Amino acid sequence: MAFFLLHPIAAANLRKPHIFRSHSAPESAAAYTRYFEVTKPISLPKTQPLSYPILKNQEFAYTYEKPPVLKNYKPPSNPSNFSKIVLEWTATSKGRQYDRIFGVWIGGAEVFRSCTAEPRATGTIWTVKKDITRYHSLLTTEQTVSVYMGNVIDSIHDGVYHVNLTFHFYPSEQHHHDSNHKGADLILPISRNLPLNDGLWFKIENSTVLQGNEVKIPQNSYRAVLEVYVSFHENDEFWFGNLPNEYISVNNLTGASGNGPFREVVIHLDGVTVGVVWPFTLIYTGGVNPLFWRPFSGIGSFGLPTYDIEITPFLGKLLDGKLGHKFEFSVTNALNLWYINANLHLWLDTKVHKTRGKLLKHKVLPLSSSIAFKISSSDGLSTINVSRALVSRGWVRSSHGVITTKSIQEFRYSNSMVLKHDGNFQKLDQTIKSKQNVAGKNKSSTIFSTNLRRKFLISFLYDSVENQSSGIESGYANVTLGIDEKSRKVSEFGSSIYMLKNLQKVDGYMFIKGSNYTGSGRTEQKYRYSDDESCYYRKVRSSNYTILHDEERKSCKHHK
């Protein structure tokens, strides 16, 4: 992974690319530095958990293109008694190392994707906790747990990661079984099969690649949701700032990451588009300026978000008893490299052997886009606006009656970019807005519904110059990252809502020569979350590893 957006300069003067790969400089601190991501604590029952260790001080040294670590998992007794299941990942490292992407799979289904913290010479430690209760059905039977982290050790990058991975099972309070919150009855992986010398994700290397596999679902399925895991790397790590190809051509830039700044993950079922993902523009812990993300990391970097696609309208196709129904993934405008896989969450009707369904409507509006370029030698201005909508509707007959499900996905995207000096100066503002509405109804009422609104934003400015005589490159960057979400869900068990506003602002300088750097980084984050039962607020500000301000509130009294 990389820092300093964004683009390789012309090869004629053999200058370093703006996506400088991480150079973890030696540090002089006296103790391990604890890193963290600002997020709300997991709400837990007041019971003593049963803790199941998966990895104990597992070493990830030179693991790139090596098989994942495999562990046998056996479920605890009475697995239905647990109302909350939490994955806990704690890792340490010393020395110098890149940030590394890694994943955890249970029975081939991914349950956690994350990025490592970049270590210091004196040591770094970080802990991530994820609520994995929605994967409850995976954890009721014996499984193989796979953990992959592609680390590389060489003469400069000597940081080895030591990992503890634990599943914590929290019993229900007062024998109250929260079965309605435990998720699907069955989860089928849409991922690569072991054995592998890699993670189980599919690799998307360009816009023409389709990767996926076939599934066969139980004939008594009555609802289906596809959960998609996405991460972007190498030439597309900073896809939201990739240069227009026209600018690259006019300025004869060699090695620049192009295809422009728009990407769309497309989900196909038997060759038909059934959903899309416009992903959040997360930045890994070595991205732009590593000092930005120390000691707290970029939004989503320690717990990458997933994206749900309602597949229930298409169950009629999947229930036809035929073999060979195939889910595949592609990425519009992709460059090397994207990691994508998914989990198909299925709800089963135990009162019948066979459910039936039919697709009534499926409409995929093509991408609607307006693109404006103004390029004058090394200066450039681009404005891109894109929109997309998908609508599907179908019915399923089960013991619950005939339920008609309608799913609507709507997206709007805008990106404006200013470029100067062969891309050494870049300023961009990008916003992605999405709406997802799902409703399952019978003749008289709504059985379930989901209404999700999301806004992802990134603003970025980068300006760099290289001193030809000293070989030192200096650069200034400031970045704003944000997520704004509103969700309302209704089911037979009741309704729930939540709202999230998460905003991060960073700025600082870097001075780079060879594989070493010095610099400064300042970071401020405001995190505000509320739901039916709780509120959480945290404001943190730091500079060069030091927390300057940390304000936390869990009361809804002053929550606005």
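No experiment lies behind these values; they were computed from the predicted model shown. (Residues numbered from 1 in each chain as written. Predicted model: local features only at pLDDT ≥ 70, side-chain atom pairs only at ≥ 80, totals over all residues. Heavy atoms only, no water.)

## Examining the sheet that holds strand S6 (residues 82-93)
Here's step 1: Pairing is mixed across the open sheet formed by 5 strands, whose spatial order is S3-S9-S6-S11-S4. Each edge of the open sheet carries a strand with a single partner, namely strand S3 (33-35) and strand S4 (50-60). In this sheet, neighbouring strand axes are inclined to one another by 15° on average, regardless of whether the strands run parallel or antiparallel.
Here's step 2: Where S6 and strand S9 (residues 124-131) come together, 8 bridges link them in antiparallel fashion. Its bridge partner lying in S9, Thr90 is registered against Thr127. (Pairing = 2+ DSSP bridges. Helix = DSSP H or I, 4+ residues; strand = E, 2+ residues; numbered from the N terminus. Axes fitted to C-alpha atoms, helices over the stretch in contact; angles between N-to-C directions.)

## Observations concerning the environment of Val145
Here's step 1: In this structure, Val145 sits in strand S10 (residues 143-149).
Here's step 2: Taking the C-alpha atoms as reference points, Val145 and Tyr73, separated by 72 residues in sequence, lie 6.6 Å from one another.
Here's step 3: The residues touching Val145, leaving out its near neighbours within four places in the chain, are Ile54, Val69, Leu70, Lys71, Tyr73, Val104, Trp105, Ile106 and Phe167. (Contact = heavy atoms within 4.5 Å.)

## Re the packing of aromatic side chains
Here's step 1: Enumeration over the complete set of coordinates arrives at 29 aromatic pairs.
Here's step 2: With a centroid separation of 5.7 Å and 25° between ring planes, the pair formed by Phe36 and Phe296 is classed as stacked. Taken as a pair, Phe36 in the loop between S3 and S4 and Phe296 in the loop between strand S17 (272-277) and strand S18 (306-310) lie far apart in primary sequence, 260 residues in all.
Here's step 3: Looking at Phe36, the relative accessible area reads 17%, which means it is buried.
Here's step 4: On the basis of relative accessibility, which here comes to 0%, the residue Phe296 falls in the buried class.
Here's step 5: An aromatic cluster is present here, built from Phe232, Phe238, Trp239, Phe240, Tyr284 and Trp338 joined pairwise through their rings.
Here's step 6: A cation over a ring is seen here: Lys40 above Tyr529, with NZ or CZ 4.9 Å from the ring centre. (Phe/Tyr/Trp six-rings, centres within 6.5 Å; stacked < 30°, edge-to-face > 60°. Buried < 20%, exposed > 50% of the residue type's maximum accessible area, 1.4 Å probe, protein only. Lys NZ or Arg CZ within 6 Å of the ring centre and 35° of its normal.)

## Some remarks on the side chain of Asn343
Here's step 1: With respect to the secondary-structure elements, Asn343 resides in strand S20 (residues 338-348).
Here's step 2: Overall, the relative accessible area of 0% leaves Asn343 in the buried class.
Here's step 3: A polar side-chain atom of Asn343 sits 2.7 Å from the main-chain carbonyl oxygen of Glu110.
Here's step 4: In this view, Asn343 contacts Ala109, Glu110, Tyr135, Ile187, Leu188, Pro189, Val225, Leu226, Glu227 and Tyr229; residues no more than four positions away in its chain are not counted. (Polar contact = N/O pair within 3.5 Å; in protein donor to acceptor, adjacent residues only side chain to side chain.)

## Things to note about the side chain of Ser137
Here's step 1: Here Ser137 is to be found in the loop between S9 and S10.
Here's step 2: The exposure class of Ser137 is buried, given its relative accessible area of 17%.
Here's step 3: Look past the residues within four positions of Ser137 in its chain and what remains in contact with it is Ala184, Asp185, Leu186 and Ile187.

## Re the state of the cysteines
Here's step 1: With the rule as written, the count across this model stands at 1 disulfide.
Here's step 2: What pairs with Cys535 in a disulfide is Cys556, and their sulfur atoms sit 2.0 Å apart. The chirality of the disulfide connecting Cys535 with Cys556 is right-handed, given an S-S dihedral of about 105°. With a gap of 21 residues between them, Cys535 in strand S30 (residues 535-543) and Cys556 in the segment after strand S31 (546-553) connect regions that are remote in the sequence. (Disulfide = S-S within 2.5 Å.)

## A few points about a nonpolar patch on the surface
Here's step 1: Taken together, the side chains of Ile472, Tyr509 and Phe511 present a nonpolar region at the surface, about 270 Å² in accessible area.
Here's step 2: Tracing the sequence through the fold places Phe511 in strand S28 (residues 494-513).
Here's step 3: Phe511 sits in the partly exposed class, given a relative accessible area of 39%. (Patch = residues over 30% accessible without salt bridge, like charges linked within 9 Å, V, L, I, M, F, W, Y side chains within 5 Å. Areas by Shrake-Rupley, 256 points an atom, 1.4 Å probe, with all protein chains shown as cover. Salt bridge = Lys/Arg side-chain N within 4 Å of Asp/Glu carboxyl O.)

## Comments concerning the sheet that holds strand S8 (residues 109-115)
Here's step 1: Pairing in this open sheet of 4 strands is antiparallel, and the strands run S5-S10-S7-S8 from one edge to the other. The sheet terminates laterally at strand S5 (69-73) and S8, the two strands that pair on one side only. In this sheet, neighbouring strand axes are inclined to one another by 15° on average, regardless of whether the strands run parallel or antiparallel.
Here's step 2: The sheet contact formed by strand S7 (residues 101-106) and S8 spans 6 bridges and is antiparallel. Among the inter-strand pairings, Trp105 is bridged to a residue of S8, identified as Glu110.

## Section: the nonpolar core
When a protein is soluble and globular, its nonpolar side chains tend to lie buried together.
Here's step 1: Counting residues in each nonpolar core, the largest one holds 90 residues, and the members touching the most others are Leu226, Ile311, Phe327 and Trp338.
Here's step 2: For this core, the element with the highest residue contribution is S20, accounting for 6 residues.
Here's step 3: Sequence-distant contacts of Trp338, that is, excluding residues within four places in its chain, are made with Phe202, Lys203, Ile204, Val230, Ser231, Phe232, Asp236, Trp239, Arg263, Val265, Pro279 and Val331.
Here's step 4: Judged by nonpolar contacts, the second largest core, of 40 residues, contains Leu87, Val111, Leu139 and Tyr161. (Core = buried A, V, L, I, M, F, W, Y, C linked by side-chain atoms within 4.5 Å.)

## Observations regarding the pattern of salt bridges
A side chain of one charge can pair with a side chain of the opposite charge when the charged atoms of the two come close.
Here's step 1: This model, assessed by the stated rule, comprises 17 salt bridges.
Here's step 2: The closest approach of N and O atoms between Arg192 and Asp198, which form a salt bridge, is 3.2 Å.
Here's step 3: For Asp198, a relative accessible area of 8% translates into the label buried.
Here's step 4: With a shortest N-O distance of 2.3 Å, Asp507 and Arg522 are connected by a salt bridge. In this pair, Asp507 sits in strand S28 while Arg522 sits in strand S29 (residues 516-531), placing the two residues 15 residues apart along the sequence.

## Details of a positive patch on the surface
Here's step 1: Together, Lys361, Lys363, Arg393, Lys406 and Lys441 make up a positively charged patch on the protein surface.
Here's step 2: Relative to the helices and strands, Lys361 resides in strand S21 (residues 356-364).
Here's step 3: Judged by relative accessible area, Lys361 falls into the partly exposed class, the value being 38%. (Lys, Arg positive; Asp, Glu negative; His and termini not counted. Charge placed at Lys NZ, Arg CZ, Asp CG, Glu CD.)

## Observations regarding the pairing of S7
Here's step 1: For S7, the buried fraction is high: 6 of the 6 residues fall into the buried class.
Here's step 2: Residue alternation in S7 divides its side chains into two sets, Ile101, Gly103 and Trp105 and Phe102, Val104 and Ile106, and both sets are buried.
Here's step 3: Counting the residues in the hairpin turn of S7 and S8 gives 2 residues, including Gly107, whose phi is positive at 60°.
Here's step 4: Of the pairings in the sheet, the one linking S7 to S10 comprises 5 bridges and is antiparallel in character. Looking across to S10, one finds that Phe102 is bridged to Met149.

## Details of unusual backbone geometry
Here's step 1: In this model, Leu194 is joined to Pro195 through a cis peptide bond whose omega is 0°.
Here's step 2: Secondary-structure assignment places Pro195 in the loop between strand S12 (186-190) and strand S13 (202-204).
Here's step 3: The phi torsion at His421 lies on the positive side, around 55°, for a residue other than glycine.
Here's step 4: Note that His421 resides in the loop between strand S24 (401-420) and strand S25 (425-441).

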